[in-house]
Structure formats: structure tokens, C-alpha cells
Amino acid sequence: ESAQNALLTAVGRLGVLLLLVVTGLESDFNLIRTRGSRVLLIAFWGTVVPLAFGATLGLAAPDILLQDPSQRVVFAQFMAVAMSISAMAVLAKILIDIQALSRTLGRTMVAPAMTEDLGGWGLRSAVVSQATGQADHGQVIRALVGAVLYLTAAFTVGRWAVERLLTWIDNRDAGVSGQISATIVLTMLSGAATHALGLEPMLGALVAVMCVAQCRLFHHETD
């Protein structure tokens, strides 16, 4: 039974990862840049309000709902972060079903969700580290610092490396199929890297697909 649960979990994670790939490739980063202040404002309130409600719910929950009532603060932190993550994969699936993901409205909805999730997955990594480390604040700080360093490296050196990789693929006439394959592999490797660092795999997957989508040589046909 445990092996079956692990297999179902792996398949589910793979499905979410592929939805993130589709969402990231459909994202219009020029739109995000031109409406940056609005995107950040929506993402800010879309993060802060659920954080406050989640923390309040966690602190007010009866002891019977907690596995360890002495860890109520950690539970409240987990509830806060869990509610602040936008479930972007679910949003993407809804937009795909109603054929709105490629439209301006759909891309405008995705932009704040993507911004919220970048911060949300990083915070979740810190909370999980604290929960598994018995409130080891050093472990929490390492998780947050690791997330910041990974994001910085990904959007600088990582973006340059992805650009070079896609250039290499384009020079060999691999076409759209080659770029899609490279994108999926990069997404999985990035997720594995963040998992190895003690961070959420979905954070790495989201960062990787964002780097790919911003490359100049990326074919729009892959959308």
C-alpha cells in the first residue's frame, strides 16, 4: 500500500509539473513587465491576506485537530503558507479548459499567481524545515537563504545557460520537439536540485520554465 501511495504521489507531482510547464510557456513576460506595479500589488495582497487568515485559523484551531498541540505555532505557520500559495496549476487547468490561457485576461491572471507562488514555495520550504528540524531556526534561515540564492543564480547564470542550450538545439535543427524535450528535462532537473537543497521541487520547476520562456530563441510554436 505504501508503494502504491508513493507511485500515485509521483504521478501526481509529474502532472502538476507538466501543468506548470504549460503555464510558464504561455506566460507573457512583456505583459508582466509593463504592468509590474499592478502585478506586484495584487501578488502582495494575494499573499498577505491568506497568510493572516491561515495564521489566525491555525492559532484558533482546537487541540484535537493538531497532532502535537505543543507545535501550534509551527502548525499556524504551515496553515498560513498553505493558504497563501495560489495553486497556479489548478488555475492553469481551468484557463486551459475554457480556452483562456493564451488570452490577455488569462495571462494577466497567471502573472500575480506566478509571483505569489515564487514567494509561497520558498516560505513553505522554510516552514517544512522548521517542522522537521524541531524549530531549528538555523535550518529555517538556511532554507530561506538557499531559496534566495537559487532564484538569483537561476535568473542570472541559469538564464544564460538555458539561452546557450536552446541556441545549441536550434543550431542542430532539433525544432519544436527538441525544445519541448529540453524544457521538460530542465524543469525536472531544476525541481530535483531544489529538492536536494531542502526546498520545494515545484519552486525549481517554476523557475526553470520561467527561464526557458524568457529566452529569445524559444519558438512560440511550443505554446
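Note that the coordinates shown come from a computational prediction; the quantities given were computed from them, not determined experimentally.

**Let's talk about the overall build of the protein chain**
- Secondary structure summary: the protein chain contains 9 helices and 0 strands in total.
- Each helix and strand of the protein chain, placed in order from N terminus to C terminus, yields the pattern α-α-α-α-α-α-α-α-α.
- By the burial criterion, 40% of the 223 residues in the protein chain qualify as buried.
- Partitioning the contacts of the protein chain with sequence separation of at least 6, the portion at a separation of at least 24 is 72%.
- Looking at the protein chain as shown, the accessible area adds up to about 12,400 Å², and 67% of this sits on carbon and sulfur atoms.

**As for the packing of aromatic side chains**
- If you walk through the whole model with that rule in mind, you get 1 aromatic pair.
- Centre to centre, the rings of Phe44 and Trp45 are 5.2 Å apart; their planes meet at 75°, and the pair counts as edge-to-face.
- Residue class for Phe44 comes out partly exposed when judged on its relative accessible area of 45%.

**Quick notes on a nonpolar patch on the surface**
- Judged by side-chain polarity, Leu41, Phe44, Trp45, Val48, Val49, Phe53, Leu57 and Met83 come together as a nonpolar surface patch covering roughly 780 Å² of accessible area.
- Take the nonpolar patch: its biggest share by element is 7 residues, from helix H3 (residues 36-60).
- Along the chain, the position of Met83 falls in helix H4 (residues 72-84).
- For Met83, a relative accessible area of 40% puts it in the partly exposed group.

**Description of H4**
- Between its first and last C-alpha atoms H4 spans 18 Å; for 13 residues at 1.5 Å apiece the expected length is 18 Å, and the two agree.
- Turning to H4, its buried residues are Arg72, Val74, Ala76, Met79, Ala80, Val81 and Ser84.

**Structural notes on the pattern of salt bridges**
- Taken as a whole and assessed by the stated rule, the structure comprises 1 salt bridge.
- Across the pair Arg72 and Asp63 runs a salt bridge whose closest N-O atoms are separated by 2.4 Å.
- Judged by its relative accessible area of 17%, Arg72 falls in the buried class.
- Note on Asp63: relative accessible area 45%, which makes it partly exposed.

**Structural notes on the side chain of Thr194**
- Here Thr194 lies in helix H8 (residues 175-196).
- Assessed through its relative accessible area of 0%, Thr194 is described here as buried.
- One polar contact links the side chain of Thr194 to the main-chain carbonyl oxygen of Gly191, over a distance of 2.9 Å.
- Those residues within four positions of Thr194 in sequence are excluded, and the remaining contacts are Tyr150, Leu199, Glu200, Pro201 and Gly204.

**A closer look at the environment of Ile180**
- Position of Ile180 relative to the elements: it lies in helix H8.
- Assessed through its relative accessible area of 34%, Ile180 is described here as partly exposed.
- Considered as a pair, Ile180 and Leu25 are 155 residues apart in the sequence and their alpha carbons are 10.0 Å apart.

**Regarding helix H9 (residues 201-213)**
- In this model, H9 (13 residues) spans 19 Å end to end at C-alpha, consistent with the 18 Å of a helix rising 1.5 Å per residue.
- The buried fraction of H9 amounts to 13 of the 13 residues, a majority that puts the element mostly inside the structure.

**Comments concerning the nonpolar core**
- Among the nonpolar cores identified, the biggest contains 35 residues, and Met88, Leu203, Leu206 and Val207 are the most heavily contacted of them.
- Of all the secondary structure elements, the ones that give two or more residues to this core are helix H1 (2-26), helix H5 (88-97), helix H6 (104-132), helix H7 (137-171) and H9.
- It is H9 that provides the largest number of residues to this core, a total of 9 residues.
- Contact partners of Met88, with chain neighbours within four places excluded, come to Leu20, Thr23, Val110, Ala113, Met114, Asp117 and Leu206.

**Digging into the confidence of the model for the protein chain**
- Averaged over all residues, the pLDDT of the protein chain equals 77, while 85% of them reach at least 70.
- The spread of mean pLDDT over the elements of the protein chain runs between helix H2 (residues 29-34), the lowest at 67, and H3, the highest at 85.

**Examining the environment of Glu163**
- Locating Glu163 in the fold gives a position in helix H7.
- Along the backbone, Glu163 and Cys211 are 48 residues apart, and their C-alpha atoms lie at a distance of 8.5 Å.

Cut-offs and rules
- Residues numbered from 1 in each chain as written.
- Predicted model: local features only at pLDDT ≥ 70, side-chain atom pairs only at ≥ 80, totals over all residues.
- Heavy atoms only, no water.
- Helix = DSSP H or I, 4+ residues; strand = E, 2+ residues; numbered from the N terminus.
- Buried < 20%, exposed > 50% of the residue type's maximum accessible area, 1.4 Å probe, protein only.
- Contact = heavy atoms within 4.5 Å.
- Areas by Shrake-Rupley, 256 points an atom, 1.4 Å probe, with all protein chains shown as cover.
- Phe/Tyr/Trp six-rings, centres within 6.5 Å; stacked < 30°, edge-to-face > 60°.
- Patch = residues over 30% accessible without salt bridge, like charges linked within 9 Å, V, L, I, M, F, W, Y side chains within 5 Å.
- Salt bridge = Lys/Arg side-chain N within 4 Å of Asp/Glu carboxyl O.
- Expected span 1.5 Å × (residues − 1).
- Polar contact = N/O pair within 3.5 Å; in protein donor to acceptor, adjacent residues only side chain to side chain.
- Core = buried A, V, L, I, M, F, W, Y, C linked by side-chain atoms within 4.5 Å.
- pLDDT = per-residue confidence, 0-100.

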